[in-house]
Amino acid sequence: MHGQSKSRTETLSEEEIKQRAEKGQQILDSLDYFFKVRKNQVNQPEDQLAFSELMAKLCPEIATIYNYRREVLQTKFDHLGGLLTESKSIDAYKQLVKLIQSEFMLIAILLKQHPKSYTLWTHRQWMVLRSQEIDQLISSINQDNQLKLIEAIKQEYELCSKMLDRDERNFHVWNYRNWLSSICAFGREDEFTKKKIEQNFSNFSAYHFRSKFFMKNYNQPENIIERIKTDKILGLLPLPFDRLKEETELIQQAIYIQPKEHGVYLYHRWLIGVVQPFGVTKVEKISNDSVTLQFNRAVTNVENSFELFNNENALKIINVRVEGNNVIITFEEQQLNNLKVRILNQIYKNGALDTMISEDEFSKFLIPSEIDVTFENEGFKYTNTIQQEFLGAIHDINKYLDENIEFIKQVIEEEKENRFPYIQILYLFQFKLRTQKLIDASKSSEIVKEALEHCDKLKKIQNDHQAQFLFEFWSQF
Amino acid sequence: MFQQQLVNHLPYLMALDKSKDLESIGYYLSEHLKVAGGYWTINAIACLNKLDEISQEKKQQLSKWLKECQNQDGGFGGNTNHDSHITNTHYAILLSFLLNCELDYEAAAKYVAARQRKDGSFEGDQWGEVDARFSYCGLSSLTLLNKRDLIDVKKAANYIKKCRNFDGSFGGIPDAESHGAYVFCCVGTLYLCEDLSFNIDELSMWIHERQTSKGGLNGRPEKLADVCYSWWMYSALCLLKREQWINQQALENYILECQDSDGGIADRPNNQADVFHTFFGLAALSLLNGDKYQLNPIDPAFALPKSILKNIPGASRFIQP
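Residues numbered from 1 in each chain as written. Chains lettered and ligands numbered in written order. Predicted model: local features only at pLDDT ≥ 70, side-chain atom pairs only at ≥ 80, totals over all residues. Heavy atoms only, no water.

As annotated in an unreviewed UniProt entry, chain B carries the name Geranylgeranyl transferase type-2 subunit beta and comes from Paramecium octaurelia. One UniProt comment on chain B, placed under Subunit (unreviewed entry), says "Heterodimer of an alpha and a beta subunit." Listed in UniProt under the heading Function (unreviewed entry), the comment for chain B reads: "Catalyzes the transfer of a geranylgeranyl moiety from geranylgeranyl diphosphate to both cysteines of proteins with the C-terminal sequence -XXCC, -XCXC and -CCXX." (UniProt positions renumbered as here; feature names shortened; annotations may be inferred.)

Per an unreviewed UniProt entry, chain A carries the name Geranylgeranyl transferase type-2 subunit alpha and comes from Paramecium octaurelia. As recorded by UniProt, the Sequence similarities (unreviewed entry) comment attached to chain A reads in full: "Belongs to the protein prenyltransferase subunit alpha family." Under the Catalytic activity (unreviewed entry) heading, UniProt states for chain A: "geranylgeranyl diphosphate + L-cysteinyl-[protein] = S-geranylgeranyl-L-cysteinyl-[protein] + diphosphate".

Structure, rendered in structure tokens:
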């Protein structure tokens, strides 16, 4: 269906047409017979596995053939498993091992021709699960288990490596490999994804899974609590700071070598974005039973992150609700004279595994602050004071961001007609703006001004839709 | 750049079931795709406003065959005798509306609903494959059949949200790489679940960045453009009311360039046409500029002509105006 070049359409001779028609009819006849077997309308073939193997090789895409094959295999597994349990039959054991091994071999052969077949990958996955069950059964009977599931899984990783050498973007393989790690992780994700990236800097699939690996490996609450012990506030970052800098160098190198590739900018953007601080930037609205706070990005897991006081008396919070970038906190209705809102980073403050999370980046780098509200005739005034301790870390991240902005400016210098670095710098300016709003909103306009200048430049080099769109986006500030 | 009258693709479509395409062995190997193929073909003809070119006799023949594809478990296989699968069940339901024939919808709905797992995801069949495609088939089928109460809609949405990635887009299962075709499945599912609470601008920006210099959309960074992504992602933009986030004229031009001079539309310029790309090319054009090409608009949520959807009560509140 895909990638059929028109110029390559063959014109066949009459003889060839006849042969193809015959071959086609053979396939239809075989399928006809297969379905009769499937519905028990004829006798089962003596060797059901051999028969279904023939059918699979003839029509590798027909799922029903594999359904039938799985039914046959399951019957055999159950039978042999039973023999094993009853009589510890060595013969049954050997047959099980052979069955499993030849099935994996068959699927591998078919995958060579059809590497993107959902049907085949599903069948392979099913086989891994059955192997796992059988391995458990064998181990329960005999401590000296020679099936060695672990060895088998290692072979599966090998298969994935080979297939990714042939097609580095095959998402079936990447997904299968990712799934394998839930069965038996060998902890080589770091190494493997790095190797693929070094083989080809525009392998976005590798960057994608590398980002997943980083989050799983470094951004779990337990990891953060450990890191806080040594790295203090920077321990809150989803990635250890020196790891981040190492990784950023790698991607900067990739951008430098292949500035016209798209994926490298996406990964660069993610790395920088994932460590940006988040927190309250504005008190949006206050009533006598609620306060609405605006954050510099969408957040989640908010329930335990607030303390409210009126005239130094703690207020009972009834509900905390998220709406976009806003968080609405409702409390018992009362006359407000002197409202104080504390935003808490529970994981940093109390080592509690819970804390507010920035929704898209899953970061826990929430900046605690204290908001003091005074009321006047028609409205209210407030100050938002960031916890002193955090200012150093914000400064470090800002410096890191500025370094990357400078880097992209250099790329722009070298790549004047390339729209990617322009788009990239606009993303980085967005991050900068968010942080600026956190620290001192009054200085935001300078950032917006510089962004608009870059929008103009982008329009000049490529007055396309994206340029216009970004210009309008930045103009709204 | 030439611009054919799109109705010229009609002969190509009408001939699809007549020829056994003797020059291609692929025909015989796609026996399991007959239900899907029927849907793509008839829907493409409907998009061209030419459903009545198909004789009553032919429609009855197709309807009879379609009914025979339903199995004891209520589900449909890809052809008669093939085992049931949620995708073929969904295609069969869609095709039945196009042919105006009735199937045992009660049994089909039960089969589809039984595919939902505890975590809200949907499996393809009893053998356990899970994928956002199946979530979409589940939501679409049960919405059309007015049987949404058979499943947990909230959980279905929650599962899809786990498929979201750092780039703002969606993959087929949690952890999978973002992919243009899965954008359709995930956005379609969330739309039908009435829960679009994710960062729509980020996704739209990702889609925006899929447009290549020739105007076509690719499915992932660094991949080639393909006509089918015109549908998968432009329909999603329509549901999200972000149609302007890509260059619509350039996309339209690209689809026209993918036309095969012998009829039909191919995946990219100068390639061979097939029914799959013909349907998706026409469907995308119907959204981009249906009036200009006199196309019957295909609804972005259900991938059926709006003219047919208005007669389906379950669908009414989801139809885009």
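Our focus in this paragraph is the overall build of chain B. The number of helices and strands found in chain B is 14 helices and zero strands. Listed N to C, the secondary structure of chain B is α-α-α-α-α-α-α-α-α-α-α-α-α-α in terms of helices and strands. By its C-alpha atoms, chain B is 50 × 50 × 35 Å across when sized along the principal axes. Evaluated residue by residue, chain B yields a buried proportion of 65% over its 321 residues. Pairs at least 24 residues apart make up 65% of the contacts formed inside chain B by residues separated by at least 6 positions. Carbon and sulfur atoms make up 48% of the accessible area of chain B, which totals about 11800 Å². Considering chain B, the positive charge centre built from 31 side chains and the negative charge centre built from 39 side chains are found 4 Å apart. (Helix = DSSP H or I, 4+ residues; strand = E, 2+ residues; numbered from the N terminus. Buried < 20%, exposed > 50% of the residue type's maximum accessible area, 1.4 Å probe, protein only. Contact = heavy atoms within 4.5 Å. Areas by Shrake-Rupley, 256 points an atom, 1.4 Å probe, with all protein chains shown as cover. Lys, Arg positive; Asp, Glu negative; His and termini not counted. Charge placed at Lys NZ, Arg CZ, Asp CG, Glu CD.)

With that out of the way, let us pick up empty space enclosed by the protein. Residue and element names in this part refer to chain A. Within this structure, the stated rule accounts for two cavities of 30 Å³ or more. Within this model, the largest cavity holds a volume of roughly 40 Å³. Gln276, Pro277, Phe278, Asn296, Arg297, Phe431 and Arg434 together form the lining of the largest cavity. Space inside the second largest cavity adds up to approximately 30 Å³. Together, Phe104, Val128, Ser131, Leu149, Ala152, Ile153 and Glu156 line the second largest cavity. For the lining of the second largest cavity, the elements supplying multiple residues, two or more each, are helix H5 (118–141) and helix H6 (149–166). Here the element with the most residues in the lining of the second largest cavity is H6; it accounts for four residues. Here the lining of the second largest cavity is composed, by residue class, of five nonpolar, one polar and one charged. (1 Å grid on protein atoms, 1.4 Å probe; cavity = no way out; pocket = protein on both sides within 12 Å on 5 of 7 lines; lining within 4 Å. Points joined across faces, edges and corners; volume = space filled by probe spheres on them. Nonpolar A, V, L, I, M, F, W, Y, C, P; charged D, E, K, R; others polar.)

Right, let's get into the packing of helix H4 (residues 56–68) of chain B against helix H5 (residues 86–99) of chain B. All names here are of chain B. Following both chains from N to C, one finds H4 and H5 inclined at 155 degrees, their axes separated by 10 Å at the closest point. It follows that H4 is roughly antiparallel to H5 by the angle criterion. Our pair here, H4 against H5, has a crossing hand that is left-handed. Contact residues: H4 offers Lys59, Leu62, Ser63, Trp65 and Leu66, while H5 offers Ala92, Leu95, Ser96 and Leu99. (Axes fitted to C-alpha atoms, helices over the stretch in contact; angles between N-to-C directions. Parallel < 35°, antiparallel > 145°, perpendicular 65-115°, else oblique. Left-handed = near helix turned anticlockwise from the far one by under 90°.)

Attention shifts here to the packing of helix H9 (residues 180–192) of chain B against helix H11 (residues 227–239) of chain B. In helix packing, the relevant descriptors are the interaxial angle and the interaxial distance, both defined with respect to the helix axes. Residue and element names in this part refer to chain B. One way to put it is that H9 packs onto H11 with a least axis distance of 8 Å and a crossing angle of 30 degrees. With respect to each other, H9 and H11 are oriented roughly parallel. Considering how the two elements wind past one another, H9 and H11 form a crossing that is left-handed. Along its contact with H9, which presents Gly180, Ala181, Val183, Phe184, Val187, Gly188 and Tyr191, the element H11 presents Tyr229, Trp231, Trp232, Met233, Ser235, Ala236 and Leu239.

The interface is formed by 56 residues belonging to chain B together with 60 residues belonging to chain A. Carbon and sulfur atoms supply 55% of the area that chain B and chain A bury against each other, a total of about 5200 Å² over both sides. Among the residues chain B hides against chain A, the three largest losses belong to Trp127, Phe166 and Asp175 of chain B. Together they make up 16% of the total. Our count for the contact surface shared by chain B and chain A stands at four salt bridges. When the shortest N-O distance is used, the salt bridge between Arg38 of chain A and Asp83 of chain B registers 2.5 Å. Between the two partners, chain B and chain A, sit 22 residue pairs in polar contact (both at pLDDT 80 or more). When residues of the side of chain B that touches chain A are traced back to their parent elements, those giving at least two are helix H2 (26–29), helix H10 (200–208) and helix H13 (275–293) of chain B. Among the elements that make up the side of chain B that touches chain A, the one with the highest residue count is H10 of chain B (three residues). Of the residues assigned to the side of chain B that touches chain A, the class counts are 15 nonpolar, 17 polar and 24 charged. (Buried area = accessible area lost by both parts, 1.4 Å probe. Salt bridge = Lys/Arg side-chain N within 4 Å of Asp/Glu carboxyl O. Polar contact = N/O pair within 3.5 Å; in protein donor to acceptor, adjacent residues only side chain to side chain.)

Let us look at the nonpolar core. Generally speaking, a soluble globular protein has its nonpolar side chains buried in company with each other. Counting residues in each nonpolar core, the largest one holds 122 residues, and the members touching the most others are Phe77, Tyr207, Leu236 and Phe365 of chain A. Once residues within four sequence positions are removed from consideration, Tyr207 of chain A is found in contact with Ile197, Phe201, Ile251, Ala254, Gly263, Val264 and Tyr267 of chain A. Leu142, Ala157, Cys163 and Leu282 of chain B belong to the second largest nonpolar core, which has 114 residues in total. (Core = buried A, V, L, I, M, F, W, Y, C linked by side-chain atoms within 4.5 Å.)

Considering all chains together, one arrives at 49 salt bridges over all chains under this definition. Put simply, Arg210 of chain A and Asp190 of chain A hold a salt bridge, and the shortest N to O gap is 3.0 Å. Here the residue Arg210 of chain A occupies a position in helix H9 (residues 204–218), and Asp190 of chain A occupies one in helix H8 (residues 189–199), the gap between them amounting to 20 residues. Relative accessible area serves as the criterion here: at 22%, Asp190 of chain A is assigned to the partly exposed category. The salt bridge involving Arg269 of chain A is made with Glu209 of chain B; its shortest N-O contact spans 3.5 Å. Of this pair, Arg269 of chain A sits in helix H12 (residues 263–274) while Glu209 of chain B sits in the loop between H10 and H11, placing the two residues on different chains.

Residues and elements named next belong to chain A. With respect to topology, four strands assemble into an open sheet ordered E1-E2-E7-E6, the strand pairing being antiparallel. One side of each edge strand has no neighbouring strand; the edge strands of this open sheet are strand E1 (280–287) and strand E6 (317–323). The sheet shows a mean angle of 20 degrees between the axes of neighbouring strands, taken without regard to direction. The sheet contact formed by strand E2 (residues 290–295) and strand E7 (residues 326–331) spans five bridges and is antiparallel. Bridge pairing in E7 places Leu293 opposite Val327. (Pairing = 2+ DSSP bridges.)

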